[in-house]
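A structural walkthrough
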2 protein chains.
Amino acid sequence: MLSYTEENYLKALLQLTLEEGREEAGTNELAAYLGVKPATATAMLKKLREKELIEYERYGKITLRPAGRKSALEVLRKHRLWETFLYEKMEFTWDEVHEVAEQLEHIQSSKLVNKLDKFLGYPKFDPHGDPIPTAEGELKAIPRKTLSQIEVGESCVMVAVRDNSAPFLQYVVQLGLGINNKIKVLARQPYDAQLEIEVNGQKSTVSQKFAENIFVV
Amino acid sequence: MLSYTEENYLKALLQLTLEEGREEAGTNELAAYLGVKPATATAMLKKLREKELIEYERYGKITLRPAGRKSALEVLRKHRLWETFLYEKMEFTWDEVHEVAEQLEHIQSSKLVNKLDKFLGYPKFDPHGDPIPTAEGELKAIPRKTLSQIEVGESCVMVAVRDNSAPFLQYVVQLGLGINNKIKVLARQPYDAQLEIEVNGQKSTVSQKFAENIFVV
DNA sequence: TATATAAGTTAGAGTAATCTAACTATTAAA
DNA sequence: TTTAATAGTTAGATTACTCTAACTTATATA
Ligand SMILES: [Mn+2]
Ligand SMILES: [Mn+2]
Ligand SMILES: [Mn+2]
Ligand SMILES: [Mn+2]
């Protein structure tokens, strides 16, 4: 039985290594992601290694072992199912779901997870466009680009967001943007890569930082 | 902000003093109810007193102060709403809901509680027949007897159960009993107060202990 | 290749919740 | 009213998670 905290560390490791081509994570990076000090992370890493959930040695990189990855996927599955529940059934907006799902993901009941999945109609994606791991622990990574990689004159469809924070999501809505919206890139400032885009006939200018947090196909 | 554990202590105090005419609880009783040692309860009582949530002094009885009672009622409201959700929407049986609700009752989100209430159609009772406290913290205690107090020859209607444990609830179902069922008391053994009862034409013999855990009107 | 910088670890301490063992106060009986 | 039983507390230790401050190792660059 894993503690609430252990689950959070494993999920963080999974998410840090989920970006394509990444297999391992570092101590400081993990600590920053979780909002704890590196010393704290080091202590927990020893514990997770003892439980055979991660591969790790002093001053070395961290990788998930199969058991650790399985647990992390279960937590991520619950997180994304609960976000979908809050969004679809509880009238939450997409910038409100993450915080509460962060708590709900630790509820222990496999029956509840599976009934929830059924109740929601076996959704494949959460409200932010992220894929929901299956009961078997499969997580399909869809090949996708960021809005910042789209050439001037090209069009694309928004499929997900990288940043899940409330201020970012609220800004996305304010721009008239959302999952499945078609975005046309009208121009790119050579100086700072600012983008001029058009969505549903509405033109906006967004920063490179913003464009890097919008996933498109 | 109360910890998970503090919430459990306050809820336990509320439930111990909920039986009519009771205002105060004792340390050992509280410890037994929560499954901890009396020494542990003493430590927590000092902390809750410090936070002005309870009235308590060395070797004295414990009572909830208004702020403590308010928090306890909020937790109890969430517990019973989640039990109703699990029973009505997640296909849980009434002996399965309590354990998971024990976890869900600690989720912090007033928006979620109120949306859940709305989603369930503002239920007044949980699956065990217990009243659900309102958002304003009101809890109506319905005057009710136990099955053991019914005279031979009389009939009554089951409205709730006192014991919420899975083995007890499974036994209730096995006897063909449930909320709103009419029960007729056919006979009472003078020796050990065993009852012979009839439900939907089905006759059964139950112990006094059992009869004391069935609430009727 | 030496050394400065970044990355990571260790030691020591604090808080929250729990326990055991020994003790003290209250209450009920003899 | 003394004493036995019950109820409750204290002291000291443990586990989980976190921190700060000082230290060590790895790496990158000059
Ligand atoms: Mn999220
Ligand atoms: Mn979490
Ligand atoms: Mn319950
Ligand atoms: Mn609880």
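Residue indices follow the written sequence of each chain, beginning from 1 at its first position. Here every chain gets a letter starting at A, and every ligand a number starting at 1, in the order they are written. pLDDT decides what is reported in this predicted model: residues at 70 or higher carry local features, side-chain atom pairs at 80 or more are listed and counted, and totals for whole chains, interfaces and linings draw on all residues regardless. Calculated side-chain values reflect all of the structure's heavy atoms, with hydrogen atoms and water omitted.

**Regarding the overall build of chain A**
Put simply, the test is: Helix and strand labels come from DSSP, where a helix needs a run of H or I of at least four residues and a strand needs a run of E of at least two; each type is numbered from the N terminus. Note that the radius of gyration is over C-alpha atoms, with the globule rule given as 2.2 Å times the number of residues to the power 0.38. Buried residues are those whose accessible area, probed at 1.4 Å on protein chains only, stays under 20% of the maximum for their type, while exposed residues exceed 50% and partly exposed ones sit between those limits. Counting rule applied: Lys, Arg positive; Asp, Glu negative; His and chain ends not counted. Lys charges are placed at NZ, Arg charges at CZ, Asp charges at CG and Glu charges at CD.
Counting secondary structure elements, chain A contains 8 helices and 8 strands. In summary, chain A has a C-alpha radius of gyration of 19 Å against a globular reference of 17 Å for 217 residues, a match within 12%. The dimensions of chain A, computed from C-alpha atoms along their principal axes, are 55 × 45 × 25 Å. Within the span of chain A, comprising 217 residues, buried residues form 44% of the whole. Of the charged side chains in chain A, 29 are positive and 32 negative; the average position of the first set lies 3 Å away from that of the second.

**What to know about the packing of helix H2 (residues 27-34) of chain A against helix H3 (residues 38-50) of chain A**
Packed helices, taken two at a time, are described by their axes: the angle between them and the distance between them. All names here are of chain A. Inclusion rule: The axes are straight lines fitted to the C-alpha atoms, using for helices just the contacting stretch, and the angles between their N-to-C directions are given from 0 to 180°. Any angle that is under 35 degrees is reported as roughly parallel, and any over 145 degrees as roughly antiparallel; angles of 65 to 115 degrees are reported as roughly perpendicular and all others as oblique. In this description, contact between two residues means that some pair of their heavy atoms is separated by no more than 4.5 Å. Polar here means any residue other than Ala, Val, Leu, Ile, Met, Phe, Trp, Tyr, Cys and Pro, which are nonpolar, and Asp, Glu, Lys and Arg, which are charged; Gly is therefore polar.
Contact geometry for H2 and H3: axes closest at 8 Å, N-to-C directions at 110 degrees. With respect to H3, the axis of H2 lies roughly perpendicular. For the pair H2 and H3, contact is made by Thr27, Asn28, Leu30 and Ala31 and by Pro38, Ala41, Thr42 and Leu45, respectively. Per-class residue counts for the contact of H2 with H3 are 5 nonpolar, 3 polar and no charged.

**Section: the UniProt feature "domain: HTH dtxR-type" (unreviewed entry) in chain A**
Where we set the bar: UniProt positions are given in the numbering used here, feature names are shortened, and annotations may be inferred rather than shown by experiment.
Residues annotated by UniProt as "domain: HTH dtxR-type" (unreviewed entry) correspond here to residues 1-65 of chain A. From the first C-alpha to the last, residues 1-65 of chain A spans 16 Å; its make-up is 52% helix and 6% strand.

**Some points on the protein's contact with DNA strand C**
Where we set the bar: The rule for a residue being near a molecule or strand is that one of its heavy atoms must lie within 4 Å of it. Two N or O atoms form a polar contact when they lie within 3.5 Å of each other; inside protein one atom must be a possible hydrogen donor and the other a possible acceptor, and for residues adjacent in sequence the pair counts only when both atoms belong to side chains.
Taken together, 22 residues lie around DNA strand C, and Lys46 and Tyr56 of chain A together with Ser3, Thr40 and Lys47 of chain B are the ones closest in. Within 4 Å of the protein, the atoms of DNA strand C are drawn from sugar and phosphate moieties in a proportion of 81%. At 2.5 Å, a side-chain N or O of Lys46 of chain A approaches a phosphate oxygen of DNA strand C. Separating a phosphate oxygen of DNA strand C from a side-chain N or O atom of Tyr9 of chain B is a distance of 3.2 Å. Split into classes, the residues belonging to the surface near DNA strand C amount to 9 nonpolar, 8 polar and 5 charged.

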